[in-house]
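Topology and contacts: notes
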Amino acid sequence: MKETKKWGMISNFFYAWKLANRAGKGLLVGTLMIGIFGFINEYVWIYAPKLIISFVEKNYSMKKFILCTVLITLLLTAVNTLNRLGFFINEFEFVKNSKYLERLRMRKMFTTDYKNMENPDFLNFSQKAKTALYQGNGFHGVLYETHNIIANSLIIIVSSIMIGLKNIYVLIAILVMAVLVGKILGWVGARDKVKFSDYLAPTNRKINYLDRTTKNFDFAKDIRIFNMANIFKREFDIVNNIFFKKNREHHNRWVLGAMAMETVLLTEKIVMYGWLVYLIFKGQMVVSDLLLYIGLVTSLHECIGFNSWIYSAVKTNTFMIGDYRNFVEWEEDKESYTEKEESRKNLSFDSYEFKFENVSFKYPGHDNYVLKDVNLTIKDGKKLAVVGINGAGKTTFIKLIMKLYNPTKGRILLNGVDIKEYDREEYFRIFSPVFQNIECFALPIYENVSFKPKSETDMEKVKYALNKSGLMEKIDMYENGIDTNLLKIFDEKGIDLSGGEKQKLAMARALYKEGDVIILDEPTAALDALAEDKMYRDFESMVKN
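Below is a summary of the structure that appears in this document.

Thresholds, definitions, all that
Residues numbered from 1 in each chain as written. Predicted model: local features only at pLDDT ≥ 70, side-chain atom pairs only at ≥ 80, totals over all residues. Heavy atoms only, no water. Helix = DSSP H or I, 4+ residues; strand = E, 2+ residues; numbered from the N terminus. Rg over C-alpha atoms; globule rule 2.2 N^0.38 Å. Buried < 20%, exposed > 50% of the residue type's maximum accessible area, 1.4 Å probe, protein only. Contact = heavy atoms within 4.5 Å. Axes fitted to C-alpha atoms, helices over the stretch in contact; angles between N-to-C directions. Parallel < 35°, antiparallel > 145°, perpendicular 65-115°, else oblique. Nonpolar A, V, L, I, M, F, W, Y, C, P; charged D, E, K, R; others polar. Pairing = 2+ DSSP bridges. Salt bridge = Lys/Arg side-chain N within 4 Å of Asp/Glu carboxyl O. Core = buried A, V, L, I, M, F, W, Y, C linked by side-chain atoms within 4.5 Å.

Within the chain, the regular secondary structure consists of 16 helices and six strands. Its C-alpha atoms give the chain a radius of gyration of 33 Å, more than 25% over the compact-globule value 24 Å for 545 residues. Based on the C-alpha atoms only, the size of the chain along its principal axes is roughly 105 × 55 × 55 Å. Classification of the 545 residues of the chain by burial places 44% in the buried group. Contacts in the chain between residues at least 24 apart in sequence constitute 76% of all its contacts with a sequence separation of at least 6.

Running from amino to carboxyl end, helix H1 (residues 9-23) crosses helix H3 (residues 62-111) at an angle of 105°, the nearest separation of the two axes being 9 Å. Looking at the two axes, H1 sits roughly perpendicular to H3. Touching Leu19, Ala20, Arg22 and Ala23 of H1 are Lys96, Asn97, Tyr100, Leu101 and Leu104, all from H3. A breakdown of the residues in the contact of H1 with H3 according to their chemical character gives six nonpolar, one polar and two charged.

This brings us to unusual backbone geometry. For asparagine 358, which is not glycine, the phi dihedral falls at a positive 50°. Mapping asparagine 358 onto the fold places it in strand S1 (residues 354-361). Overall, asparagine 358 belongs to the partly exposed group, its relative accessible area being 45%. The phi angle at phenylalanine 451 is positive, at roughly 55°, despite the residue not being glycine. Mapping phenylalanine 451 onto the fold places it in the loop between helix H12 (445-450) and helix H13 (459-469). Owing to a relative accessible area of 44%, phenylalanine 451 belongs among the partly exposed residues under this scheme.

Looking now at the sheet that holds strand S4 (residues 417-418). One open sheet accounts for four strands, arranged S2-S1-S3-S4; its pairing is antiparallel. Of all the strands in the sheet, just strand S2 (371-378) and S4 have a single pairing partner and so form its edges. Direction of pairing for S1 relative to S2: antiparallel, over a ladder of five bridges. When the bridges of S2 are listed, lysine 355 appears paired with threonine 377.

Counted under the stated rule, the structure contains 15 salt bridges. In this structure, the salt-bridge partner of glutamate 426 is arginine 429, at a minimum N-O distance of 2.5 Å. Residues joined by salt bridges that share partners form a network here, namely Asp113, Arg424 and Glu425.

Moving on, we come to the nonpolar core. Residues Ile163, Trp275, Leu276, Tyr293, Leu296, Leu300 and Ile304 are the most contacted members of the largest nonpolar core, which totals 33 residues. Going through the elements one at a time, helix H2 (26-57), helix H5 (138-166), helix H6 (168-215), helix H8 (229-281) and helix H9 (287-328) are the ones with two or more residues in this core. For isoleucine 163, the contacting residues outside a window of four places in its chain are Val170, Trp275, Tyr293, Val297 and Leu300.

One can describe the packing of H3 onto helix H4 (residues 120-131) by two numbers: an axis separation of 11 Å at closest approach and a directional angle of 170°. Relative to H4, H3 is oriented roughly antiparallel. Residue-level inspection shows Glu102, Arg105 and Met109 of H3 in contact with H4, the latter providing Phe122, Ser126, Ala129 and Lys130. Of the residues contributing to the contact of H3 with H4, the split by class is three nonpolar, one polar and three charged.

What follows deals with the environment of isoleucine 438. With respect to the element layout, isoleucine 438 can be found in the loop between strand S5 (431-434) and H12. Overall, the relative accessible area of 13% leaves isoleucine 438 in the buried class. Distance in space between the C-alpha atoms of isoleucine 438 and lysine 502 is 6.3 Å, their sequence separation being 64 residues. In this view, isoleucine 438 contacts Lys502, Gln503, Ala506 and Arg509; residues no more than four positions away in its chain are not counted.

The next subject is the pairing of strand S3 (residues 409-414). The pairing of S1 with S3 spans five bridges and is antiparallel. Bridged to lysine 355 within S3 is leucine 413. Pairing geometry for S3 and S4, over two bridges, is antiparallel. Note that in S4 the partner of leucine 414 across the bridge is valine 417. Here S3 folds back onto S4 in antiparallel fashion, the turn holding two residues, of which asparagine 415 has a positive phi close to 55°.

Function cannot be read off these values alone, since they describe shape.
Below, the structure written as structure tokens:
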């Protein structure tokens, strides 16, 4: 398993806010409004009873009492209005922030080294990164709770100062118990993250796979014809049993943690109220002050308890953010993913010669070599047919020459230079591949060929490529022609293609791209004999030069 970096709680907290501010400044503004005005609202209500009783104790006039009541009411109205405005701002900003974070995650998925897409460690971190984007978890959990942290921390600070001015020993006892509560919940949260969230990452990945497969139209025929419902039910039962077992352990763990925390908080409450009763009996406190300190003690007790839960939740969520960081900052193989300035980015050659020198390859995690000591030179302008039985390594050979994998031993040269030295993205541009498994995307036909928006697509070139591949005759049958959408996912009038038509679409993609090197991985496997014969007869003109 790849070694990953562990960041601290504070580091991940500020990382979350750094990305939030990149998505937009509104979330910080809304959070500060909620936190500050929430604190003011709480203290107005703490002081209101003292003020009311003070009017009676000092025998103030009814006029002053009414004026004071009106002012407090206006203040509360303004504070609550601004507080709600902060929530409305955040409601919109959270959506914007989550979309930004998902874009970063998807960008990593789209640009990571190809071999990582078959790496269980990488795929598990991908699932953990996705979990960190669920509402209430990871980023949302940290960013949402920040306004509570601000409000409660201000209340704790002010209340502690006022209580400490009366009795420093009571304050010390309260703070010691508060730290103890935080330690209890922090320990439970850290343990729960490992035993619950991390443990379930592979299980959640399996659940997602089963869910996608049962809804995927491509698998629908096999599932029904071969009566696979029982097989899927069995697999769902296996992962669900694991999920429910871990959820039960998760629940029990937090019940015990809550019991320990409540025991400490009860002790804290006894200390605080015992102190107030003592002051009353000693005649050291009037009724209005008693009401004030009851409010201070109550709010302090509630905020310490609430902040302890928040601390535990935030700590667990920052661990999830750490998983997200490990995923989006996953260090790519320097031999295949080149971002260095000294990498060779100019691949505009007049001719191409590929040379395999003692190339051997075995897939990560496997002991047996798929290819062993391959020595081969492909001259410029030549065509090479790689023939072999299933499993002989034909597709692996293609993956190697296209730099999707690096040789385990030996090296591959392009025009005398090891292909590891070439910038990966620039190297990919020289190829027009047709892969064995061809996927249609829920996009218009022209975009399935050019993979560019309409403004950047040469429509005549699309039609030429489709005509050369033999697919244009069918597309002309549709009212919208090359603007017709494939699949019915986004368009109920979308069309689907047969296996042979998909391979013709793939050929059109390769022709449109106009790469200097064409790679065909069994391009006619789904065609009938006549169509296969015609495609190979047309092949010479299709890939001329």
